[in-house]
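Topology and contacts: notes
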Amino acid sequence: MAEKTFRFESSDPARDRARFFSELRAFGESCDWSQPISNEIQLILEEWWTNLVSYAFAKSAQPSVIVEITSTEGEARIQVTDNGIPFDPAARTDPDLHLPVEERPIGGLGIYMMKKLSKSLRSGRDGERNVLRIAKDLTSPVLRAKS
Amino acid sequence: MPIRQNVSGDCYELIVGGRIDGAAANEMEVQVLNAIKAGAKEIFINLSEADFLCSAGIRVIMQYWRQLKPQGKRLMVTRPSPAVDDILAMTGFRESIVENAGARA
């Protein structure tokens, strides 16, 4: 399959959420992503979009998010940049999965799920922007598909 | 996908399908709260038709699982789809919040 690219830019991620995911699904279809792979990429970006809307831009008057995806035969490379508060998800400690449900902290699950569903996840800063780079294997889903 | 509901006495089953993203998790919480207000003693969240479950959805389930347990009531997940079953296992909740978790989906 030829390399295909996707770009989505938003100055209001809360408002643009539904449009972003609609365009993402359409892009996945154009790339022939399997439904389980498409679902996993949506889930990864759902978690990140929630993080952006809920935390990164909580005090920002001028949000800016740019999502770029390059889809090749076996891998999707996803880059999300934002001008929200500095945040490094790759450095975040994984939750303790062995704690009883009663004692489990509420936070941290979304980032953990993003890591588990990705082939690699790196994050850093480029000037005033957070940069998140994710590689997603398109050949084999992490989660089992519906039978 | 709208949430369907089956009620039998004080036992409520909520069937939540499709992509359980942040918006769907909010809707699921509304339905759980409605069931609690209506006097539910058991709430079963049937996820057999769910494509995925985001962390906001897990938080809703975890929150009301915790809230109901000390009252002698319960909220459990039933029949998770394979993908959702894997998500619950991945996040360490499967054994506690899935009814009959020993029987793998």
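Everything numeric here is computed off the predicted structure, so don't read it as measured data.

Looking at the side chain of Glu40 of chain A
Residue and element names in this part refer to chain A. Secondary-structure assignment places Glu40 in helix 2 (residues 35-56). Classification of Glu40 by relative accessible area gives buried; the value is 2%. Within the structure, the side chain of Glu40 is placed 2.5 Å from the side chain of Lys136, a separation counted as a polar contact.

Examining the interface of chain A and chain B
Contacts between the two partners involve 24 residues from chain A and, on the opposite side, 30 residues from chain B. The contact between chain A and chain B buries some 2,400 Å² in all, and 60% of this surface belongs to carbon and sulfur atoms. Between the two partners, chain A and chain B, sit three salt bridges. A salt bridge links Arg144 of chain A to Asp85 of chain B; the shortest N-O distance between them is 3.0 Å. Elements represented by at least two residues in the side of chain A that touches chain B include exactly helix 2 and helix 3 (109-117) of chain A.

Here we look at the packing of helix 2 of chain A against helix 3 of chain A
Residue and element names in this part refer to chain A. Axis separation between helix 2 and helix 3 bottoms out at 9 Å; the angle between their running directions is 150°. In terms of axis orientation, helix 2 runs roughly antiparallel to helix 3. Like other packed secondary-structure pairs, helix 2 and helix 3 cross with a definite hand, here left-handed. Contacts from Glu40, Leu43, Ile44, Glu47, Trp48 and Asn51 in helix 2 reach Gly110, Ile111, Met113, Met114 and Leu117 in helix 3. Classifying every residue of the contact of helix 2 with helix 3 by side-chain character gives seven nonpolar, two polar and two charged.

What counts, and at which threshold
- Residues numbered from 1 in each chain as written.
- Chains lettered and ligands numbered in written order.
- Predicted model: local features only at pLDDT ≥ 70, side-chain atom pairs only at ≥ 80, totals over all residues.
- Heavy atoms only, no water.
- Helix = DSSP H or I, 4+ residues; strand = E, 2+ residues; numbered from the N terminus.
- Buried < 20%, exposed > 50% of the residue type's maximum accessible area, 1.4 Å probe, protein only.
- Polar contact = N/O pair within 3.5 Å; in protein donor to acceptor, adjacent residues only side chain to side chain.
- Contact = heavy atoms within 4.5 Å.
- Buried area = accessible area lost by both parts, 1.4 Å probe.
- Salt bridge = Lys/Arg side-chain N within 4 Å of Asp/Glu carboxyl O.
- Axes fitted to C-alpha atoms, helices over the stretch in contact; angles between N-to-C directions.
- Parallel < 35°, antiparallel > 145°, perpendicular 65-115°, else oblique.
- Left-handed = near helix turned anticlockwise from the far one by under 90°.
- Nonpolar A, V, L, I, M, F, W, Y, C, P; charged D, E, K, R; others polar.

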